[in-house]
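Letter by letter, the chains look like this.
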Amino acid sequence: MTRPERPFWPQNAPAERESTQTASVPAGLTAQRLLADDFAPSLPKVFVKSPTGHPYIYRKRISRFDAALRPGGLASVCVERGNVFAYGLFNPRAEISVRLLCWGPERPDEAFWTEKLTDAVALRRDLLGLDTHTDAYRVLHSEGDGLSGIVVDRFGDVLSGEAFSLGMFQRGGDLLDRLNRILGTKAWILRPGPASFDQEAFDSEPLRSTDAPAAVTIQEYGTRFRVKFAEGHKTGFFCDQRENRRRLAGYCSGKTVLDLCCYTGGFAVQAKKLGKAADVTGIDLDEGPLQLARENANLNQVRVNFVQSDAFAYMRDMLRNGRQYDVVVLDPPKLIRTRDELEDGRRKHFDLNRLAMQLVRPGGLLLSCTCSGLLDDAEFFKLLHSASRQSGELLDTPPDAKARHASRTMQILEKSGAAPDHPVASNCPENEYLRAVWMRLH
């Protein structure tokens, strides 16, 4: 049975996106535009079946839209035979076809954008006081700051933005220029999100202001880190783990520490520099980030042993050698991106944690993290509990039987998440993505 043609699609609107093998990005689609371009007297309309307070309007909820509305354009959102109830950025090629910016009859104007940006900066500077202990933090956190589809991190005098929606990418340069003026920063870089082509049908090379450097050095609680934008993952450095890195350092004095999936060495370097750990080892599969991790250790004049290896292979080697550590950090990359990957992602998380738990000395600490938002709290805790029941000493079993491990007692000391410069909107709670569980193992 073929899928019926969507009735709301005007004849001159862009066709539904083709597969990633055949689709192309129309010329001019990602051209930068000014926010002032949206201040025209009237706006095209999108009609939906019922109003919503959620910032996402999915394609299936749209009944029709004005033919004049182009991808990335600002739209009035109306209920059929009703009044405007919200305004948002429109992309007919995206499953999330409208990302709402504001609700009510008042459309976004100069005052709206100024208030959103100054309020976001005020949270970081006035309430959180981040400037007193770091010059690297998230300035704008998508739905959490009421601007769905873009995140912006500050790294010293440079703003690094990542746009997940076409509309925000088109306006990203102007937004970053405005943030520069508010913050006193000097340059910016803007790149599309890693799934922008599949999810929003656009792609682009990173955009830069004329004076944007290739790299900067930032500081976090006195520890310095090098951020290289051309090589960096996402916006360049994981600001979301800042407070967890500091908290972990408090457990590390005189201890042996293993940082699995260490990327550019954030946890490992802080464990040695702030935490005064006796011995620190960082493991990552990719040589590029590891080279930067070594630079970060040298920058702080600390000795950390960084090893290029697959985390599974390294842990199995250490277990064969009888090695254990006082403190183990497990912070893997995102293992579950879609619901189709849930089962495989759960299994990988389970296997990683079961091995990591075996490397923790009795009475030692495991910090286990996941940035897979689709793996909710209940599932993650259940997974950790199951892993602990199979992470003790190897039991005697018949030669032809599968190896079995004794259970270990796991005490959950605390649970944390992303640093508070990554707020979660009350009307979009599913965007809380980072989970960190602190465990003592016996």
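Note that this is a predicted model, so its numbers are computed, not measured.

Observations concerning the environment of isoleucine 412
So, step 1. Among the secondary structure elements, isoleucine 412 is positioned in strand S19 (residues 410-416).
So, step 2. For isoleucine 412, a relative accessible area of 40% corresponds to the partly exposed category.
So, step 3. Apart from the residues lying within four places of it in its own chain, the contact partners of isoleucine 412 are Val437, Trp438 and Met439.

Comments concerning the pairing of strand S9 (residues 158-163)
So, step 1. Within S9, six of the six residues are buried, which leaves the element mostly enclosed by the surrounding structure.
So, step 2. Burial along S9 is two-sided: Val158, Ser160 and Glu162 and Leu159, Gly161 and Ala163, pointing in opposite directions, are all buried.
So, step 3. By the bridge criterion, six bridges tie strand S8 (residues 150-155) to S9 in an arrangement that is antiparallel. Counted as the bridge partner of aspartate 153 is serine 160 from S9.
So, step 4. Linking two consecutive strands that pair antiparallel, namely S8 and S9, is a turn of two residues; a positive phi of about 60° is found at glycine 156 within it.
So, step 5. Bridge analysis of S9 against strand S10 (residues 187-192) gives six bridges, and the strand direction is parallel. Bridge assignment links glutamate 162 to a residue of S10, and that residue is arginine 191.

Some points on the packing of helix H7 (residues 311-320) against helix H8 (residues 342-358)
So, step 1. Put simply, H7 and H8 touch, their axes get as near as 10 Å, and they point 30° apart. Regarding the angle of H7 to H8, the classification is roughly parallel. Judged by the twist between their axes, the crossing of H7 over H8 is left-handed. Counted together, Ala311, Phe312, Met315, Arg316 and Leu319 of H7 and Lys348, Asp351, Leu352, Leu355, Ala356 and Gln358 of H8 form the full contact between these two elements.
So, step 2. A class-by-class count of the residues in the contact of H7 with H8 yields seven nonpolar, one polar and three charged.

With respect to the confidence of the model for the chain
So, step 1. When pLDDT is averaged along the chain, the result is 90; 90% of the residues meet or exceed 70.
So, step 2. A low-confidence stretch, residues 1-23 (pLDDT under 50), is modelled with 35 contacts involving residues beyond four sequence positions or located in other chains.

Side note on the pattern of salt bridges
So, step 1. All told, the structure shown has 27 salt bridges when counted by the stated rule.
So, step 2. A salt bridge links arginine 294 to glutamate 287; the shortest N-O distance between them is 3.1 Å.
So, step 3. We classify arginine 294 as partly exposed; its relative accessible area is 26%.

Observations regarding the sheet that holds strand S7 (residues 136-141)
Across a sheet, strands are paired by hydrogen bonds formed along the backbone, either parallel or antiparallel in direction.
So, step 1. Overall, mixed pairing links the five strands, which are arranged S7-S8-S9-S10-S11 in an open sheet. Unpaired on one side and paired on the other, S7 and strand S11 (207-208) mark the two borders of the sheet.
So, step 2. Strand contacts of helix H1 (residues 110-127): S7 and S8, with the helix running at about 145° to S7, the strand carrying the most contacts.

Examining the packing of aromatic side chains
So, step 1. Across all of its chains, the model carries nine aromatic pairs by this definition.
So, step 2. Arranged with centres 5.2 Å apart and planes meeting at 85°, the rings of phenylalanine 112 and tryptophan 113 form a pair that is edge-to-face.
So, step 3. Aromatic pair phenylalanine 169 and phenylalanine 202: ring centres 5.3 Å apart, planes at 45°, arrangement tilted. Here the residue phenylalanine 169 occupies a position in helix H2 (residues 166-183), and phenylalanine 202 occupies one in the loop between helix H3 (196-200) and S11, the gap between them amounting to 33 residues.

Overview of H1
So, step 1. Taking 1.5 Å of rise per residue, 18 residues should cover 26 Å, and H1 covers 25 Å from first to last C-alpha, within 8% of that figure.
So, step 2. The largest bend along H1 measures about 25° and falls at valine 121.
So, step 3. Listing the buried residues of H1 in full gives Phe112, Trp113, Leu117, Ala120, Val121 and Arg124.
So, step 4. Looking at the buried positions of H1, the neighbouring elements they touch are strand S6 (96-103), S7 and H2.
So, step 5. Among the residues of H1, the N-terminal cap falls to aspartate 109, whose side-chain oxygen and the backbone nitrogen of alanine 111 are separated by 3.2 Å.
So, step 6. One or two residues past the end of H1 sits glycine 129, with phi positive at roughly 60°.

Digging into the sheet that holds strand S1 (residues 45-48)
So, step 1. The strand order across the open sheet formed by six strands is S2-S6-S5-S4-S1-S3, and the pairing between neighbours is mixed. The open sheet has two edge strands, strand S2 (56-58) and strand S3 (62-65), and neither has a second partner. In this sheet, neighbouring strand axes are inclined to one another by 35° on average, regardless of whether the strands run parallel or antiparallel.
So, step 2. Pairing between S2 and S6: three bridges, direction antiparallel. Paired with isoleucine 57 across the strands is valine 98, a residue of S6.

Details of the nonpolar core
So, step 1. Counting residues in hydrophobic clusters, the biggest one holds 36 residues, and the most contacted among them are Phe155, Ile218, Leu248, Phe306 and Leu367.
So, step 2. Listed by contribution, the elements that provide at least two residues to this core are S10, strand S12 (215-220), strand S13 (223-228), helix H5 (266-273), helix H6 (287-299), strand S17 (325-330), strand S18 (360-370) and strand S20 (435-441).
So, step 3. Considering each element in turn, this core owes the most residues, four residues, to H5.
So, step 4. When near neighbours in sequence (up to four residues on either side) are disregarded, isoleucine 218 contacts Asp135, Ala136, Phe155, Gly156, Thr223, Arg224, Phe225, Val227 and Phe237.

Some points on unusual backbone geometry
So, step 1. Non-glycine residue cysteine 261 carries a positive phi angle of around 60°.
So, step 2. Counting through the fold element by element, cysteine 261 comes out in the loop between strand S14 (256-260) and H5.
So, step 3. The exposure class assigned to cysteine 261 is buried, which follows from its relative accessible area of 18%.
So, step 4. With a phi close to 55°, glutamine 301 is a non-glycine residue in the positive phi region.
So, step 5. As for its position among the elements, glutamine 301 is in the loop between H6 and strand S16 (305-308).

Reading guide: rules and limits
Counting of residues starts from 1 at the beginning of each chain's written sequence and follows it residue by residue. With the structure being a predicted model, the display of local features is reserved for residues of pLDDT at least 70 and the display and counting of side-chain atom pairs for 80 or more, all residues being used for whole-chain, interface and lining totals. No hydrogens and no water enter the side-chain calculation; it runs on all heavy atoms of the structure. The way it works is that DSSP assigns letters per residue, a run of H or I at least four long becomes a helix, a run of E at least two long becomes a strand, and they are numbered from the N terminus. For the exposure calls, accessible area comes from a 1.4 Å probe over protein chains only, and a residue counts as buried if that area is under 20% of its type's maximum, exposed if over 50%, partly exposed in between. Any two residues whose heavy atoms approach within 4.5 Å are treated as being in contact. Strands pair, by our definition, only if DSSP identifies at least two bridges between them. Only C-alpha atoms enter the line fits that serve as axes; for helices the fit covers just the stretch in contact. Angles between N-to-C directions range over 0 to 180 degrees. Orientation is classified from the angle alone, with under 35 degrees giving roughly parallel, over 145 giving roughly antiparallel, 65 to 115 giving roughly perpendicular, and any other angle giving oblique. The handedness criterion is simple: a crossing whose near helix is rotated anticlockwise from the far helix by less than a right angle is left-handed, and one whose near helix is rotated clockwise is right-handed. For this scheme, ten residues count as nonpolar: Ala, Val, Leu, Ile, Met, Phe, Trp, Tyr, Cys and Pro. Four count as charged, namely Asp, Glu, Lys and Arg, and the remainder, Gly too, count as polar. Per residue, pLDDT captures the predictor's confidence, and it can take any value from 0 to 100. What counts as a salt bridge is simple: a side-chain nitrogen of Lys or Arg found within 4 Å of a carboxyl oxygen of Asp or Glu. Aromatic pairing here means that ring centres of Phe, Tyr or Trp (its six-membered ring) are within 6.5 Å. Orientation follows from the plane angle: under 30 degrees is stacked, over 60 is edge-to-face, and everything else is tilted. By this rule the span expected of a helix is its residue count minus one, scaled by 1.5 Å. Two axes enter the definition of the bend at a residue: one is fitted to the seven residues ending there, the other to the seven starting there, and the bend is the angle between them. Pairs of N or O atoms are called polar contacts if they sit within 3.5 Å, as long as, within protein, a hydrogen donor faces a hydrogen acceptor (for residues adjacent in sequence, only side-chain-to-side-chain pairs). By convention a nonpolar core is built from buried Ala, Val, Leu, Ile, Met, Phe, Trp, Tyr and Cys residues, the set being connected through side-chain atoms within 4.5 Å.

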